[in-house]
Amino acid sequence: MKTKKVLAGFTAAAIAASMITGCGSGAKTETAVSTEAETTAAEEKETTAAETAQDTEKRKERILTVSGNGDFGFPSVYTISPKGQGYMTLSYIFDTLMWKDESGLIPYLAEDYSVSEDGLTYTFQLRKGVSFTDGTPFTAEDVKFTFDYMKEHPYKWVSVSMVEEASVVDEHTVEIKLNKTYNPFLSDVAGSLPILPKHIWENVTEPETFTEPEAAISTGPFILENYDSAAGTYTLKANEDYFYGDVQIDKLVIANVSGGDSKEALLSGEIAAAPNISYKAAMSLKDSPEYTVLEGPGLSVTRLYFNFDEEAMAVKEIRQAMYHAVNLDEIVEKAYGGAGYPGSAGHVQPGTPWYNPDVRQYAYDVETAKKMLSEAGAADSNGDGILEYNGEEMSYTLTFTENDEKLAELLVSYMKAVGIELVPQSADDATVKAAISEGNFELAFNTNGSFGGDPVFLSRFATVGADGAPSVTGQGGTTWESEEYNRIYNESAVEQDDAKRHQQVNELQEIIAEELPCLTLYYKKAVAAYNNTIFDGFYYTPDGISIAVPFIMNKLVFVSGQWKAQ
Amino acid sequence: MKKIWSRLSAVQRICAGICIFYFLAAAFGPIFSPFPPDDFSSPALLPPGRVHLLGTDEMGHDIFSMVLSGFRYTMLFSLTAALGSVSLGTVLAFASLYFPRIGRGINHLATVFLIIPDILLILFVAAFAAPTCTNTILSMIFFSWPRVFRIARSRLSACFSSNKVAYTMLIGGNMWDVIRKLWHDGYPVIGTLFMMQASRAVTYETTLAFFGLGDPLLKTWGRLIRSALNYENFFYDNTWCWYLLPAMICVVVYVAVLSVLVFDEGKV
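Treat the numbers as computed from the prediction; the structure is a model and nothing was measured.

(A) Up close: the overall build of chain B. Looking only at helices and strands, chain B features 11 helices and zero strands. What you see in chain B, going N to C, is helices and strands ordered as α-α-α-α-α-α-α-α-α-α-α. Reported as C-alpha extents along the three principal axes, the dimensions of chain B are approximately 75 × 45 × 30 Å. Relative to its 268 residues, chain B shows a buried fraction of 38%. Contacts spanning at least 24 positions in sequence make up 69% of the contacts within chain B whose residues lie at least 6 apart.

(B) Structural detail: the overall build of chain A. Of regular secondary structure, chain A possesses 17 helices and 24 strands. Burial statistics for chain A: of 566 residues in total, 45% are counted as buried. Once local pairs closer than 6 in sequence are excluded, the contacts in chain A between residues at least 24 apart make up 70%.

(C) The arrangement of the interface of chain A and chain B in detail. Listed as interface residues are 16 residues of chain A and, on the opposing side, 14 residues of chain B. Looking at the side of chain A that touches chain B, the elements with two or more residues in it are helix 9 (279-285), helix 13 (405-418) and strand 19 (421-427) of chain A. Among the elements that take part in the side of chain A that touches chain B, helix 13 of chain A stands out by supplying six residues, more than any other. Its residues placed into classes, the side of chain A that touches chain B shows four nonpolar, six polar and six charged.

(D) Summary view of the sheet that holds strand 7 (residues 173-178) of chain A. Residues and elements named next belong to chain A. If you walk across this open sheet you meet the four strands as 4-5-7-6, and the pairing is antiparallel. Only two strands of the sheet have a single neighbouring strand rather than two, namely strand 4 (110-115) and strand 6 (163-170). Here the strands of the sheet are splayed against their neighbours by 20 degrees on average, with no regard to which way each runs. Relative to strand 5 (residues 121-126), strand 4 runs antiparallel, the two being bridged by five bridges. Paired with Tyr113 across the strands is Phe124, a residue of strand 5. Against the sheet, helix 5 (residues 140-152) engages strand 5, strand 6 and strand 7, with an angle of about 170 degrees to strand 6.

(E) Quick look at the sheet that holds strand 20 (residues 443-448) of chain A. Residues and elements named next belong to chain A. Across the sheet, six strands lie side by side as 14-21-13-20-18-19; this open sheet has mixed pairing. A strand with exactly one partner marks an edge of an open sheet, and here the two such strands are strand 14 (340-342) and strand 19. Across this sheet, the average inter-strand angle for adjacent strands is 25 degrees, counted without regard to direction. For strand 13 (residues 300-306) and strand 20, the ladder comprises six bridges, and the chain directions are antiparallel. Across the sheet, the residue bridging to Tyr305 is Ala444, located in strand 20.

(F) Expanded view of the confidence of the model for chain B. All names here are of chain B. The predicted model of chain B has a mean per-residue pLDDT of 86, with 96% of residues at 70 or higher. The least confident element of chain B is helix 1 (residues 2-7), whose mean pLDDT is 75; the most confident is helix 3 (residues 63-98), at 92. Our summary of model confidence lists the complex with pTM equal to 0.79 and ipTM equal to 0.83.

(G) Expanded view of the domain arrangement of chain A. Residues and elements named next belong to chain A. Domain boundaries in chain A define domain 1 (2-60), domain 2 (61-93 + 220-296 + 526-566), domain 3 (94-209) and domain 4 (300-524). When each unit is reduced to the centre of its C-alpha atoms, the spacing between domain 3 and domain 4 is 36 Å. The residue makeup of the side of domain 3 that touches domain 4, split by class, is three nonpolar, six polar and two charged.

(H) Representation of helix 5 of chain A in the model. In a regular helix each residue adds 1.5 Å, so 13 residues correspond to 18 Å; helix 5 of chain A covers 19 Å between its end C-alpha atoms and thus fits that length. Residues of helix 5 of chain A that are buried in the fold lie against strand 5, strand 6, strand 7 and helix 7 (198-201) of chain A.

(I) Molecular detail of unusual backbone geometry. In this structure, Asp543(A) takes a positive phi of about 65 degrees despite not being glycine. Checked against the element boundaries, Asp543(A) lands in the loop between strand 23 (535-536) and helix 17 (557-560). Its identity is not glycine, yet Leu45(B) carries a phi of approximately 55 degrees, on the positive side. Within the secondary structure, Leu45(B) is located in the loop between helix 2 (10-32) and helix 3.

(J) Structural context of the packing of helix 2 of chain B against helix 3 of chain B. All names here are of chain B. Axis separation between helix 2 and helix 3 bottoms out at 8 Å; the angle between their running directions is 135 degrees. Viewed along their axes, helix 2 and helix 3 adopt a mutual orientation that is oblique. As helix 2 runs across helix 3, the sense of the crossing is left-handed. Across from Tyr22, Phe23, Ala25, Ala26, Gly29, Pro30 and Phe32 in helix 2, the residues of helix 3 making contact are Leu68, Ser69, Phe71, Arg72 and Met75.

(K) The arrangement of the confidence of the model for chain A in detail. Residue and element names in this part refer to chain A. Averaged over all residues, the pLDDT of chain A is 85; the fraction at 70 or higher stands at 87%. The low-confidence segment residues 1-53, where pLDDT is below 50, has 41 contacts with residues more than four positions distant or belonging to other chains. Note on residues 468-473: pLDDT under 50 across the span, and 18 contacts to partners over four residues away in sequence or across chains.

(L) Quick peek at the UniProt feature "transmembrane region" (unreviewed entry) in chain B. This chain's UniProt record puts "transmembrane region" (unreviewed entry) on residues 12-32, 75-99, 111-130 and 242-263 of chain B. The distance separating the terminal C-alpha atoms of residues 12-32 of chain B is 28 Å; by composition the span is 100% helix and 0% strand.

(M) Region of interest: the environment of Gly55(B). With respect to the helices and strands, Gly55(B) occurs in the loop between helix 2 and helix 3. Excluding anything up to four places from it in sequence, Gly55(B) contacts Leu46(B), Pro47(B), Pro48(B), Ile63(B) and Trp242(B).

(N) Geometry of the environment of Lys177(A). Mapped onto the elements, Lys177(A) comes out in strand 7. Each C-alpha atom of the pair Lys177(A) and Val163(A) lies 6.0 Å from the other, and the pair is 14 residues apart in sequence.

(O) Inspection of the pairing of strand 8 (residues 222-228) of chain A at higher detail. Residues and elements named next belong to chain A. One ladder, built from six bridges, connects strand 8 with strand 9 (residues 233-238); its direction is antiparallel. Within strand 9, the residue paired with Asp228 across the bridge is Thr233. Where strand 8 folds back onto strand 9 in an antiparallel hairpin, the turn is made up of four residues, including Gly232, whose phi is positive at roughly 70 degrees.

(P) Quick look at the nonpolar core. Judged by nonpolar contacts, the single largest core of 163 residues is most densely connected at Ala274(A), Leu443(A) and Ala444(A). With six residues, the top contributor of residues to this core is helix 13 of chain A. Leaving out residues up to four positions away in the same chain, Leu443(A) has contacts with Leu304(A), Tyr305(A), Phe306(A), Asn307(A), Tyr396(A), Leu398(A) and Leu422(A). Judged by nonpolar contacts, the second largest core, of 57 residues, contains Ala26(B), Ala93(B), Leu97(B) and Tyr204(B).

Cut-off values and rules
Each chain carries its own residue numbering, running from 1 in the direction its sequence is written. The naming scheme follows written order: chains are lettered A onward, ligands numbered 1 onward. Local features are withheld for residues below a pLDDT of 70 in this predicted model, meaning they are given only at 70 or higher, and side-chain atom pairs are given and counted only at 80 or more; totals for whole chains, interfaces and linings count all residues. A run of H or I in DSSP counts as a helix once it spans at least four residues, and a run of E counts as a strand once it spans at least two, with each numbered from the N terminus. Once C-beta atoms are placed from the backbone, each residue is buried if 20 or more other C-beta atoms lie within 10 Å of its own, exposed if 12 or fewer, and partly exposed for counts between those two. It is the C-beta atoms, placed from the backbone, that decide contacts: two residues are in contact if theirs lie within 7 Å. Any residue outside Ala, Val, Leu, Ile, Met, Phe, Trp, Tyr, Cys, Pro, Asp, Glu, Lys and Arg is labelled polar, Gly included; the first ten of those are nonpolar and the last four are charged. For two strands to pair, DSSP has to find at least two bridges joining them. Axis definition: a line fitted to C-alpha atoms, limited for helices to the stretch in contact. Angles are taken between N-to-C directions and run from 0 to 180 degrees. Confidence per residue, as judged by the predictor, is encoded in pLDDT with a range of 0 to 100. Annotation comment: domain bounds sourced from an automatic or database domain assignment. Helix span, expected: 1.5 Å multiplied by one less than the number of residues in the helix. In these notes the angle categories are as follows: under 35 degrees is roughly parallel, over 145 is roughly antiparallel, 65 to 115 is roughly perpendicular, and the rest is oblique. Two helices that cross are described as forming a left-handed crossing if the nearer one is turned anticlockwise from the farther one by less than a right angle, and a right-handed crossing if clockwise. UniProt positions are given in the numbering used here, feature names are shortened, and annotations may be inferred rather than shown by experiment. Structurally, a nonpolar core is described as a collection of buried Ala, Val, Leu, Ile, Met, Phe, Trp, Tyr and Cys residues joined by way of C-beta atoms within 7 Å.

As structure tokens, then:
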């Protein structure tokens, strides 16, 4: 009997010891610690098995499972999908010079930074004592290497075209020279560009196919343990030497939930956080105390695109009339169940720092719309209920993504009410994006993410000299063009004075609201739910992680949050 | 008419009755429809009540009205597609027998079409063609005639070798004389084929709508089933009882009834 007890205690202590080494001080000390633990166990023969078991319980491995969205590719810089969730997963492994926490932009791999008077030179003092997870120290060489490498191999998420040169001042100081001022440099470039370890990447010539284990080594809070592309599962283990603090969990699993129903998975305990839950499902969890529901900013926008080859579409007054005919509030309610904010004519979302509240708005008013259409010269002369403009029937196909039937149905009925016929045509997302970027449509709408933060996103309406801005799905074919807009945009992109820039951005919004190069229909609200009895402390990053990624799982959450489960 | 009715078994009578009900619903349903099927002005997600017999969907459509309008679309689809494919198949079957030279070619073509499952071809075409009602029906007709062709051909070829047809041809009767003789033996098969194709067409349409192909805004039963399944809180409240079930039952009953009519031998 007694031998049994001792044996049980011994085993429990051994397990406990391996746990300690698991989350504690690293592999080197493992042998020493476990030997010590065994000795202690042998000494404390009287310790009951129950007590020891409790000890083990306390040190149970902390595994946090969150729902992902399937396979995004191997989690290395060039192989993971250049979309929001792909970047977020990448950010758990790779770090940047700057980062955003709950309050805004903070120096991160950089300890401090300074900007020259002319806005062309950025000097970063790097953190000392940081090393990559393979043990190699992180230095200014790696930063310089990353900028050089990305010039040679463009990275889809961040453009470095505005960078003239990156140079090493000393081991922990790096200087970045720009060829022209770029206002969002700190947040969108320094705060988004993942630093590559030079010693691993210097001989890599085809980064798009580089999926060796060392391709996923960097300084971040997590280390890649397993990537299962078939199941779309990423298993990451905590980096014990993480420079920014202690990671509160041992393992992070980003998994595809079975059946794709994240609410069901959350309720059954399959996952602890559902960052991509549907709005309605999240709202239904709002009253249960163990689930926290966070409503985030609207960082995606749904636009209605016009083909400017259509004679009628090129007429400003007709576009304005069409905006009057659209009931923006009803779109939010009926098509999206309240999960968003109605569109604003100036394109910039109301309530955000760059919003101009004085732009012209187009209230829902069918009579005004009809009047404007007839003033613009559209009339129904053959009595078929559809207007004609210059002898052509105002009947257009409306191209949209297949799960957006609700919005399509609303638009069809709004346009019908003013005498414009829309023939709905749905296709998959990629086809619709391609049709829009090739100008191969008559009317189309779709939703784009990464919409927010610095107003460089207004570059999509500038047709001349708007490089350096992140490439968003632009419209192809004949587009709207305004010299005045181009001039102001290009001035605003390099303007250093904040007040002046605000003034310019306000003017840009006035032009957009007046000219309506596209109709802004809806801003989608991000929503997430998590089980706060397992892990608490998630937050939405202001303006989104990196470039407007609307997820609650900023990597710093895993340092600042609290593990709640037993 | 009375003669046909008396020949039917009890089960067939019930089925025929249901079919007649479907026709009537398609013809006169919209008169009883409390709301236009594309009207979304009602509050969203109401449970069944006096105003909305089957409640409303997420946008505020009256589900009862959509189910009713589904009768019309379904009948339209199934009858035109069946009529088209049966006519095409029968005409080709006749042609292949009457003009043996081209007959072989048509026969091979039909074999090729039969090898590939027709639903795949229809899905393929529907995905690339402009999503209109007409295109969907045309693709159904175009890809489902070989089945009709095969059955009709084997039946007609038996008739061709019968004495009266052989005699008609011998005395130099033209094509119309031959058709007249054949019709007498052929029409029961053609009638059966018509019902088979009608029930298939509904299955096709529902499948297409379920995959999001075809006219995206047409309120067919397939669309209704799709939007019901897309509704997130489907399993939590009892919404599926009035959102999904009615449309589902309508499709299943229609297909089942037609199948019974085709396969039940009746009292002979």
